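Spelled out from the first residue to the last, the chains are:
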Amino acid sequence: QVQLVDSGGGLVQAGGSLRLSCAASRSILIINAMGWYRQAPGKQRELVASITRTGGTNYADSVKGRFTISRDNAKNTMYLQMNSLKPEDTAVYYCAADYGWELRPSARYWGQGTQVTVSS
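Residues numbered from 1 in each chain as written. Predicted model: local features only at pLDDT ≥ 70, side-chain atom pairs only at ≥ 80, totals over all residues. Heavy atoms only, no water.

1. Thoughts on the overall build of the protein
No. 1: Counting its regular elements, the protein contains zero helices and 11 strands.
No. 2: Walking the protein from its N terminus toward its C terminus, one meets helices and strands in the order β-β-β-β-β-β-β-β-β-β-β.
No. 3: Its C-alpha radius of gyration of 13 Å places the protein within 12% of the 14 Å reference for a compact globule of 120 residues.
No. 4: For the protein, the spread of C-alpha atoms along the three principal axes comes to 40 × 25 × 25 Å.
No. 5: In the protein, which comprises 120 residues, the share counted as buried stands at 46%.
No. 6: As presented, the protein carries roughly 6100 Å² of accessible surface, and 47% of it is formed by carbon and sulfur atoms. (Helix = DSSP H or I, 4+ residues; strand = E, 2+ residues; numbered from the N terminus. Rg over C-alpha atoms; globule rule 2.2 N^0.38 Å. Buried < 20%, exposed > 50% of the residue type's maximum accessible area, 1.4 Å probe, protein only. Areas by Shrake-Rupley, 256 points an atom, 1.4 Å probe, with all protein chains shown as cover.)

2. Considering the state of the cysteines
No. 1: Enumeration over the complete set of coordinates arrives at one disulfide.
No. 2: Linked covalently through their sulfurs, cysteine 22 and cysteine 95 form a disulfide whose S-S length is 2.3 Å. Its S-S torsion of approximately 60° makes the covalent link between cysteine 22 and cysteine 95 right-handed. One end of the pair, cysteine 22, is in strand β3 (residues 18-24); the other, cysteine 95, is in strand β9 (residues 91-98), with 73 residues separating them in the sequence. (Disulfide = S-S within 2.5 Å.)

3. Concerning the sheet that holds strand β7 (residues 67-72)
No. 1: One open sheet holds the four strands; their spatial order is β1-β3-β8-β7, and the pairing between them is antiparallel. Single-partner strands in this sheet number two, and they are β1 (4-7) and β7. For this sheet, the mean angle separating the axes of adjacent strands, direction not counted, is 15°.
No. 2: The pairing of β1 with β3 spans four bridges and is antiparallel. Bridge assignment links leucine 4 to a residue of β3, and that residue is alanine 24. (Pairing = 2+ DSSP bridges. Axes fitted to C-alpha atoms, helices over the stretch in contact; angles between N-to-C directions.)

4. What about the pattern of salt bridges?
No. 1: Scanning the entire structure with this criterion turns up six salt bridges.
No. 2: In this structure, aspartate 89 and arginine 66 form a salt bridge, with 2.8 Å as the shortest nitrogen-oxygen distance. Pair noted here: aspartate 89 is in the loop between β8 (77-82) and β9 and arginine 66 is in the loop between β6 (57-59) and β7, with a separation of 23 residues, a long-range link.
No. 3: In this structure aspartate 89 comes out as buried when scored by relative accessible area, which is 1%.
No. 4: The salt bridge partner of arginine 108 is aspartate 98, with a shortest N-O separation of 3.9 Å. Of this pair, arginine 108 sits in the loop between β9 and β10 (109-110) while aspartate 98 is found in strand β9, placing the two residues 10 residues apart along the sequence. (Salt bridge = Lys/Arg side-chain N within 4 Å of Asp/Glu carboxyl O.)

Honestly, that's just the spatial picture; any functional story needs more than this.
Below, the structure written as structure tokens:
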């Protein structure tokens with residue numbers, strides 16, 4: 001069992017930056033896929049970015065070039081650096097993790113969510 005605690009959300013103006021963190025309760029060396037989903041009001045949850053245990057990354061087209069996902073296996077923590085934020089990035093962001101190599105909406109472990117609000 002792995003507990004995930006995500007943090008780092010807040011209110012920021014358009015063009016600003018935030019860094020989200022996802023701390024795991026145990027070693028993430030056994031976790032092959034980690035990532036961030038987001039859900040805006042009235043919209044489906046969407047995958048923003050994912051990263052494998054070996055460092056392979058994947059990004060949604062809407063955040064490519066602006067967001068960077070990373071993980072520190074020694075600290076059991078994953079990060080999402082978000083730059084050039086836009087109002088349409090406003091959502092609740094959830095970290096997720098699974099033992100498989102592909103992160104899916106059915107991921108086994110989820111954080112509680114952290115609100116990101118970008119004002120225009």
